[in-house]
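Spelled out, the chains give:
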Amino acid sequence: MDEHRHGTTVDEHADHQGHVHDDHAHHEHDEHAGHDHHADHGGTAGHGGHDHMHHGHGGHGDHAAMFRDRFWWSLVLAVPVVAFSTMFADILHYPLPDAAWASWVSPVLGTVLFVYGGWPFLTGGWSEARTKRPGMMLLIGMAIVVAFVASWITSLGLFGLDLDFWWELALLIVIMLLGHWIEMRAMGVASSALDALAALLPDEADVIDDQGDVSQVPVSSLQVGQTVVVRPGGRVPADGEVVDGRAQVDESMITGESAAVERAAGDRVVAGTVATDSSIRVRITATGDDTALSGIQRMVAEAQSSSSRTQVLADRAAALLFYFATGAAIITFVVWLLLGSPTEAITRTVTVLIIACPHALGLAIPLVVAISTERAAKAGILVKDRLALEAMRNVDTVVFDKTGTLTTGAPEVVDTVGDDAVLGLAAAAERDSEHPVARAIVSAADARGVPVPDQVTDTGSVPGRGVSAVVEGRRVEIGGPAMLRERGATMPSAFESAVDGWRADGAAVIVAVVDGTVQAAFAVRDAVRHESAEAVRALHDRGIRVAMVTGDAQQVADAVARELGIDEVRAEVLPEDKDGEVARLQESGAVVAMVGDGVNDAPALARADVGIAIGAGTDVAVQSAGVVLASNDPRRVLTVIDLSRATYRKMVQNLVWATGYNVLAVPLAAGVLAGVGFVLSPAVGAVLMSLSTVIVSLNAQLLRRFRA
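Quantities reported herein were computed from a predicted structural model and do not represent experimental measurements.

S.K.: Which residues make up the overall build of the protein, and what values do they have?
M.R.: Scanning the protein from N- to C-terminus turns up 26 helices and 21 strands. Here the protein holds 708 residues, and 59% of them are scored as buried. In the protein, the proportion of contacts linking residues at least 24 apart, taken out of those at least 6 apart, comes to 74%. Carbon together with sulfur atoms contributes 56% to the accessible area of the protein, which is approximately 26900 Å² in total.

S.K.: Lay out unusual backbone geometry in plain terms, naming residues and giving numbers.
M.R.: We note that histidine 93 has phi near 60 degrees; this positive angle belongs to a residue other than glycine. Tracing the sequence through the fold places histidine 93 in the loop between helix H3 (86-92) and helix H4 (102-116). We classify histidine 93 as exposed; its relative accessible area is 71%.

S.K.: Help me get a handle on the pattern of salt bridges, residues and values and all.
M.R.: Enumeration according to the criterion identifies 18 salt bridges in this entry. The partner of glutamate 262 in a salt bridge is arginine 246, and the shortest N-O contact between them spans 2.1 Å. In this pair, glutamate 262 sits in strand S5 (residues 261-264) while arginine 246 sits in strand S4 (residues 239-250), placing the two residues 16 residues apart along the sequence. Accessibility expressed as a relative area gives 15% for glutamate 262, which makes it buried. Judged by its relative accessible area of 32%, arginine 246 is partly exposed. When the shortest N-O distance is used, the salt bridge between glutamate 568 and arginine 570 registers 3.5 Å. Put simply, Arg545, Glu568, Arg570, Glu581 and Arg584 are held in one network by salt bridges that share partners.

S.K.: Any chance you could break down the nonpolar core for me, citing the residues and the numbers?
M.R.: One broad rule of soluble globular proteins: the nonpolar side chains tend to lie buried together. Formed by 56 residues in total, the largest nonpolar core has its most connected members in Phe67, Phe121, Ile144, Phe165, Leu169, Val350 and Val352. Those elements giving two or more residues to this core turn out to be helix H2 (59-83), H3, H4, helix H6 (136-155), helix H7 (166-187), helix H11 (313-338), helix H12 (342-355) and helix H25 (636-670). Membership of the second largest hydrophobic core comes to 50 residues, among which are Ala364, Ala376, Val627 and Val640.

S.K.: Now, about the packing of aromatic side chains: what can you tell me, with residues and values included?
M.R.: Using the criterion set out here, one finds 7 aromatic pairs in the structure. Ring geometry for phenylalanine 67 versus phenylalanine 121: centroids 6.4 Å apart, planes at 40 degrees, classification tilted. Taken together, the residues span a long stretch of sequence, with phenylalanine 67 in helix H2 and phenylalanine 121 in helix H5 (residues 119-130) at a distance of 54 residues. For the pair phenylalanine 67 and phenylalanine 121, one class covers both residues: buried. Both rings, one in tryptophan 104 and one in tryptophan 152, keep their centres 6.1 Å apart while their planes meet at 40 degrees; by these two values the pair is tilted. Within this pair, whereas tryptophan 104 is found in helix H4, its partner tryptophan 152 is found in helix H6, the two being separated by 48 residues in sequence.

S.K.: Could you give me a rundown of the pairing of strand S15 (residues 508-514), with the residues and numbers involved?
M.R.: Taking burial as the measure, the 7 residues of S15 include 7 buried ones, the bulk of the element. Note that strand S14 (residues 474-479) and S15 share 4 bridges and pair antiparallel. The residue bridging isoleucine 478 from the neighbouring strand is alanine 512, located in S15. Note: S15 against strand S16 (residues 517-528), 7 bridges, orientation antiparallel. Bridge pairing in S16 places valine 511 opposite alanine 521.

S.K.: An account of the sheet that holds strand S18 (residues 568-570) is needed here, citing residue identities and associated values.
M.R.: If you trace the 7 strands from one edge of the open sheet to the other, you get S9-S21-S20-S19-S10-S17-S18, paired in mixed fashion. Unpaired on one side and paired on the other, strand S9 (381-383) and S18 mark the two borders of the sheet. Sheet twist, expressed as the mean angle between neighbouring strand axes with direction ignored, is 20 degrees. Strand direction decides the pairing type here: strand S10 (residues 397-401) and strand S19 (residues 592-596), joined by 4 bridges, are parallel. If you follow valine 399 over to S19, its bridge partner there is methionine 594. On the sheet, helix H21 (residues 554-564) packs against strand S17 (545-549) and S18 and is oriented at approximately 160 degrees with respect to S18.

Cut-offs used in this document
Residues numbered from 1 in each chain as written. Predicted model: local features only at pLDDT ≥ 70, side-chain atom pairs only at ≥ 80, totals over all residues. Heavy atoms only, no water. Helix = DSSP H or I, 4+ residues; strand = E, 2+ residues; numbered from the N terminus. Buried < 20%, exposed > 50% of the residue type's maximum accessible area, 1.4 Å probe, protein only. Contact = heavy atoms within 4.5 Å. Areas by Shrake-Rupley, 256 points an atom, 1.4 Å probe, with all protein chains shown as cover. Salt bridge = Lys/Arg side-chain N within 4 Å of Asp/Glu carboxyl O. Core = buried A, V, L, I, M, F, W, Y, C linked by side-chain atoms within 4.5 Å. Phe/Tyr/Trp six-rings, centres within 6.5 Å; stacked < 30°, edge-to-face > 60°. Pairing = 2+ DSSP bridges. Axes fitted to C-alpha atoms, helices over the stretch in contact; angles between N-to-C directions.

This is the structure we're talking about:
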C-alpha cells in the first residue's frame, strides 16, 4: 500500500474514491485530535541518572555517541592504568619497572580517566542523589569515588593503607561506559515523529485575493477567511472548506486509509492532505496551532514527554543494591572500629563498597537488550523502545487497525457479474491509470487470463465520475453509482441480487457501461491478508484477546471480523476516538498492544501499553511506535511476544546472578567469617567481580539461539 501513502497521482476515476471505504468513515478529518506515540516508552530510557542529560527528542542518539567516544578514549587510558597498577601486577605476578615515574603512571592517568570517563556517572549519581532516586548511576559513582580516594591515599602512603584500586577503577569505568553505549544504541529514538508530521505541510500557499489574483505566501502567514488554490498533486496548507472545484483527496498520510476521498464544495479538508487529480479552492478555517495537524503534533509531543517513569529492571536492582551496600559498609566500619582495628575498618569498608560496584549488573540488561534487538531485526522487527519490548510479554489484548494492517490496504476485485470479455474491455480502458481501483481491475483480468485488447483510443476521465475510452470501436465507461445516475443507466435485474449481496458485505460496486448499457459489475473490496487469520488463531492459542478498531462502515468491519474470527469490533470510529477505545480496554484491566499504520493510529499507539507500527504505514506511525514491523505480516506480532518473554527471562537470570553475587560477596568482604580465619581480600574480591561480568555476558549470548 506504499503507493497510497505518498500522494498517488490520479488523472481519472475520481468516482472510484468512495467505493472501498464508506465516505462517512473519512469525514471530518479536521478533528484528528490525536495521534501520539508510545508515550510509555520515551524518556526514561534507562537509568534514572540519564534524565539529566536528555534534552529534547534527539537525546538518545547524542547519548550513544557520547558514551561511544568516552568508551574508546577511556579504554586507551585504562590500558596503562591497569598495567602499572601495583595490585594488578601482584595478582598476575609480573614486575613493574624499577623507576620513580612508574609508580605515578596509574595515579596520574587514573585521575584523568576518573574525571573524563567517570563524569557521566558522577553527574548522573549526583542527580539521582539530589532527587532521592538512587539507581545505577549513584551506585557506580559511589564506587568510583571510593576507589579513587582509596587509591590516592595508598599512592601517597597515608594512614598505612594498601588499597591500590587504580586497575579496578579503570576497568569499572570502561565496562560501565561500554554497557551504557550498548544500551543507548539499542534503544533508538522516537523523536522524528514530530519532524515527519511537520513535513506534511507545504512551505508556501497560493492565496487568491479579492481581485482574483494569485500570490504565493508562506504558510505561516495564512489567515482564517483567506482562499487558497490547491493544484493537482499539491498539499492543502491549512484546515479549510472547499468553496470551488472537486478533487480526489489523498488523506492516507493522515488517516492511514488507502482510498482517496472525493471532496467538493462544502466539504472540509485537512492540512497536509493531497489533491490528486484536480484543483480546488479552499477557504481557510484554521491556521497554525488550531489545525488538526497541529493537534496531532501536540498529542505526539505530550505522549513523548509524559513517558513512563517506570525504571528498568537493572535500575530497580541497583537501587536495592545501593541501600544494601551502603548499609553493609556502615555496619562493617562500625563493627571493625569497635573491635579496635581502625585500619581494618577502612580496608573492609572500602572493599565492601567496591565489590558492591555493579560490574555484572551494568552489563546484565544492555547486553540482553542489544542481542534481543539484533534477533528482532533479523526477524523484520525494529525495537525502537526497550520498554515496549519488556511490556509485550504481559499483553493480553491486541488491537488491530483494519486497513493496511489486517487487510492489504489496496482494493481488489473479489467478484464479478457479466461477461468476462467485458472485464477485458474494462481493463483496457483502465490500463494506463494509476488509480488503485484501476489497478485492481487490470489485476483481476490478468489473474483470470482474460484477453485485454490493445486498441484503445479517446481515453479520458471525468473527476468525480469515472473513466471512459473507446476500446476496439466500442465506448467503454467505468465508474460507480454517480456515473450511472449521470448517464441515466440502470442496473440489469440479473445483476441486482449479486450487487445487493456485495453491498451487504461492505464491498464497493463498480460497473462497466459499454455503448450505453451496463454489461458487467465488479465487487471491489480491501483484501484481507492471508496471514491475518493465522495471526489471530495463534494469538487465541496463547490466550490473547483480539480486537479491531476501524473508521470503516460497520458491515465492512463485521465481514472482516467474521472472516478472521476477531473477538471484538469497533467500527465507524472517528480518528480522534481510536485512543479512547484503547483507553476503554485498559480501564477494564486489559494490557493492550495496538497495531496500526496511519497517523490517526498514533494516539492509540501512544495510549496502548505497547505500540506496534506496520512498516508500510505512514512515516509518522512508524516513527511514533515503540516497535515497528518492517513487513506487513501481522504474524510478526507473535514474534514480538515470544522475543519479549525470552528477553525477560534472560534479564531476570542475569540480574539474579549479578545481584546474588553481590549479596553473597559483600558480607564476605565485610569479614563476617573473620572469626574462622576467612577474609575476602580486596584483590580476590575484585577479580571475582570481573569474573561475574564474564558469566553474565556468556549467559546473554544464549539469547542468540532464539528463532522467530
